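# Notes for the structure review
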Amino acid sequence: MTQTQHFRIEIDEMSCAGCAGRAQRAISAVPGVENAEVNFAARSAEVTAAHGTEAAIVEALDQAGYPARTDTVTLEVSEMSCASCAGRVEKALTALPGVVDAAVNFAAGTATVQIFTDAISPQELARAVSDAGYPSVPADDGAPRPDRQEDEATPALRRTLIAGALTLPIFIVEMGGHMVPAFHHFVQQTIGQQTSWMLQFVLATIVLVWPGREFFVKGVPALLRGAPEMNSLVALGASAAWAFSTVALFAPSLLPEGTRAVYFEAAAVIVTLILLGRWLEARARGQAGEAIRKLVGLQPKTARVERNGGYEDIPLESVQPGDLLLVRPGEKIAVDGEVTRGEAYVDESMISGEPVPVAKAPGDEVIGGTVNGDSALTFKATRVGRDTMLSQIVAEVQRAQGTRLPIQSLADRVVAVFVPVVIAIAVLTVLVWLAVGPSPALGLALVAGVSVLIIACPCAMGLATPTSIMVGTGRAAELGVLFRKGDALQRLDEARVVAFDKTGTLTQGRPRLTRLVTVEGQDEDTVLRLVAAAEAQSEHPIAQAIVEAARDKGLNIPPAEDMRAIGGHGLSATVDGHEMLIGTARLMEREGVDHDALNGAAGEVSAMGQSPVFVAIDGQLAGLMAVADQVKPTTRAALDALREEGLKIAMITGDTPATANAIAADLGIDHVEAGVLPADKRKAVQALRESLGSVVFVGDGINDAPALAEADIGIAVGTGTDVAIESADVVLMSGDLGGVATARHLSRRTMRNIRQNLFWAFAYNAALIPVAAGVLYPLTGTLLSPMLAAGAMALSSVFVVTNALRLRRVGRAVPEKPAGPAPALHPAAAE
């Protein structure tokens, strides 16, 4: 009988009773929903439905245009020892009413749970996981404890050392006797076989009940519940070897003739090697989370805050928005804020990946965790605690690391049935050896069965994907690339075309004076000075570019009189007694100014996608200016790197076809969509997908948000607007487009790493389970020792994690600019 449950859903976007009716019909149409009552006044729905319908209800409401409100809760989960454990935690969570989805990251020891808003508390979620046998607590709102992996590694090392010290005498006596006959005879002649076995029994028993007790405490209850996991396999294997040996020692008459032998060394070594593997694995997983710890470590513990006319150091948690903080040269900036006094260069490389220090002056924003230069700054705190950019980056990286990639689904399905199948194979192995094996069949059957149990633990399968995601997304954050959604790693690897917005993405986003041509008899500086004076009162981007060029040259800009804008043409003004006329060729023609002398230059400028501006002084042509939004310095190298990855390059812009095509020709862009209105950018992305395949869209403005959401992968330039960033899957923390190539490069390397890990994990089990069962015995006359099986199993997990750690060495796809010395804050002072 299908289990039903009742839960409440908060619903957005309902504006009338008709909306409530449509939302109710959408929910009721979901298979498994028995009853749904939508309350328009409360903006909520009371639903009675079969277990597991939550995700389908969310999708139905989204399609109807009335999205359900959901929250994301992160839990810290302890004592998960394999992928089967992670599966059981997920099952415990998804069984709760109001849980839409749950993703457990075995490598990180976390569970990310999507719930209907206020449907269930984080404490209830944690309690359900703890009841399933895996102690859990809600994660802190802020950053995770950076020493969590060390906390796990330390007791694991202690248990390993204890087990090793107890196991070593057993191993020396038993294996030394096999390898060195003289040593065997020495043991027989001194303490005797019975005493030797008795000592092995005592030491092996201590190993199993002290450092090895965790396998029995967790594994046996799981086995009794009918949900065996890795601990169950180890407990079965070790206890089988110990029990057989104990019978052989104390009640040998119960065994068939010729089968008396002890395997205490196998039981003890199995436990010791697996404990060693878990310690190595915990250490390696700690290294996998190194990026998070580095980010957490950027934040200072205290801040110097103005209090009672002076400054005093207070704990960082006590800083409030509006506080005035002082940061001295070389110190870390405590929280996000706005500079109120002082000027300095700030190293923001740990946030943006950009090596060049950024100039800060009153009114500029500073970011917590960055490092002040050689001058003191006073700033007002604007964002503190979990609202700071650094805390949000840590949270985004954690969310990405907790994501389940589509490629992981195969491993999850296999792991779900793997342990029961392994137990069945082990039982079958024992039965076959008892039926057809040579004498002593019982001993051989025991060795083969135990080896199958031990060697087939599915740890490597569970670690294959999440560990690579942890390292890949963490390394990306260090390089200034923030994956907001972990599955973007896989989708970015599958992309076929990258489409860029032009203004502010491919280009600087602000026009610059690129060329000034004067007629004979006119001085360039004089013309620029007079034009800048006339344009100084205009807010037009072209006017600002001309004024900025004059200031950069240190020219004195006189006041202008009678400035008059001429719509669509330009402007006129009087400067130093000269009548200035500045604008288009049409303006020159209208005012009777002959501009033939510079028409050729104007044609060249237009062909390059730049804006020509004619200048007439006192009714005579004086010069021609070219103004253009220049391409970013890193754009060309970034596009070249993407082309080397086999991607097509496209540009979607609202600019004129002439300008767009000129830039496309210069940069080698394959496909251009020009004159596109903001509302139509989404359709342009759809058209690209239909013709070329999976699309990445890169943009930075509010008008890019629909295209970023529509694209298979949206990449927002971090210098852009919050709306664009919220719509994106990936965020570049700086305006450097090399980050796009780096994101793609990291995506490909991470996915290749995951495939290597999965291949190793599956191939390892597929190849060694038959070997452990004894298929090579007819050829070689030997069986795989349970001790070797334990060592191989432990090494498989360590191999997978170590392979993932190689991603920490991945660098930028486009080499970064050298930082060099920061320029002087006041150029005039250096003269």
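Residues numbered from 1 in each chain as written. Predicted model: local features only at pLDDT ≥ 70, side-chain atom pairs only at ≥ 80, totals over all residues. Heavy atoms only, no water.

Applied cut-off: UniProt positions are given in the numbering used here, feature names are shortened, and annotations may be inferred rather than shown by experiment.
Under an unreviewed UniProt entry, the name given to the protein chain is ATPase, and the source organism is Roseovarius indicus. As recorded by UniProt, the Subcellular location (unreviewed entry) comment attached to the protein chain reads in full: "Cell membrane". We quote the UniProt Sequence similarities (unreviewed entry) comment for the protein chain here in full: "Belongs to the cation transport ATPase (P-type) (TC 3.A.3) family. Type IB subfamily."

## Focus on unusual backbone geometry
Note the cut-off: Labels follow the DSSP assignment, with helices taken as runs of H or I lasting at least four residues and strands as runs of E lasting at least two, numbered in each case from the N terminus.
The phi angle at D562 is positive, at roughly 55°, despite the residue not being glycine. One non-glycine residue, D576, lies in positive phi territory at about 50°. Positionally, D576 belongs in the loop between β21 (570-575) and β22 (578-583).

## Quick look at the nonpolar core
Spelled out, the test is: What makes a nonpolar core is a set of buried Ala, Val, Leu, Ile, Met, Phe, Trp, Tyr and Cys residues whose side-chain atoms join them at distances within 4.5 Å. Accessible area is worked out with a 1.4 Å probe on protein chains only. A residue is then buried under 20% of its type maximum, exposed over 50%, and partly exposed in between.
Judged by nonpolar contacts, the single largest core of 124 residues is most densely connected at L75, L125 and F500. It is helix α28 (residues 738-773) that contributes the most residues to this core, 12 residues altogether. Formed by 25 residues, the second largest nonpolar core is a distinct cluster that contains A545, L571, A573 and V613.

## Describing the sheet that holds strand β1 (residues 4-10)
Sheets are built from strands that pair by backbone hydrogen bonding, the pairs being arranged parallel or antiparallel. As a reminder of what qualifies: Strand pairing requires that DSSP identify at least two bridges connecting the strands. With axes taken as lines fitted to C-alpha atoms, and helix axes fitted only over the stretch in contact, angles between N-to-C directions fall between 0 and 180 degrees. Residue contacts follow a heavy-atom distance rule, with two residues in contact if any of their heavy atoms lie within 4.5 Å.
Judged by pairing direction, the sheet is antiparallel, and its 3 strands sit side by side in the order β1-β3-β2 without closing on themselves. Only two strands of the sheet have a single partner each, and these edge strands are β1 and β2 (33-39). Each adjacent strand pair in this sheet contributes to an overall mean axis angle of 15°, direction not counted. Bridge analysis of β2 against strand β3 (residues 44-50) gives 6 bridges, and the strand direction is antiparallel. The partner of N39 across the bridge, within β3, is S44. The strands that helix α2 (residues 54-64) touches are β1, β2 and β3; relative to β1, the one it contacts most, it runs at about 35°.

## Focus on the pattern of salt bridges
Inclusion rule: Any Lys or Arg side-chain nitrogen found within 4 Å of a carboxyl oxygen on Asp or Glu counts as a salt bridge.
For the structure shown, the criterion picks out 28 salt bridges. Salt bridges sharing partners connect three or more residues here, namely R8, E10, D12, E46 and R69.

## Points about helix α8 (residues 213-224)
As a reminder of what qualifies: Expected helix span is taken as 1.5 Å per residue step, with the number of steps being one fewer than the number of residues. Of all possible arcs, the one meant is that of the directions from the helix axis to the C-beta atoms.
Counted at 1.5 Å a residue, the expected span for α8 with its 12 residues is 16 Å, and the 17 Å between its end C-alpha atoms agrees. Those residues of α8 that fall on the buried side of the exposure criterion are E214, F215, K218, G219 and A222. The buried residues of α8 all sit within an arc of 100° when viewed along its axis, so they share a single face. Away from its buried face by more than 90 degrees, α8 exposes V217 and L224. Two residues or fewer past α8, G226 is found with a positive phi of approximately 80°.

## Brief notes about the sheet that holds strand β15 (residues 371-372)
A sheet is described by the order of its strands in space; here 3 strands give the open sequence β13-β12-β15, paired in antiparallel fashion. Each end of this open sheet is capped by a strand with a single partner; those strands are β13 (358-360) and β15.

## Examining the UniProt feature "transmembrane region" (unreviewed entry) in the protein chain
Here the UniProt-annotated "transmembrane region" (unreviewed entry) positions come out as residues 161-183, 195-212, 233-255, 261-280, 414-436, 442-465, 758-777 and 783-805. Overall, residues 195-212 shows 83% helix and 0% strand. The separation of its end C-alpha atoms is 24 Å. In the segment residues 758-777, helix accounts for 85% and strand for 0%; the C-alpha atoms at its two ends are 29 Å apart.

## Notes on the pairing of β3
Counted residue by residue, β3 has 5 buried out of 7 residues, so it is predominantly covered. Pairing of β1 with β3 involves 7 bridges; the strand directions are antiparallel. Note that in β3 the partner of Q5 across the bridge is A49.

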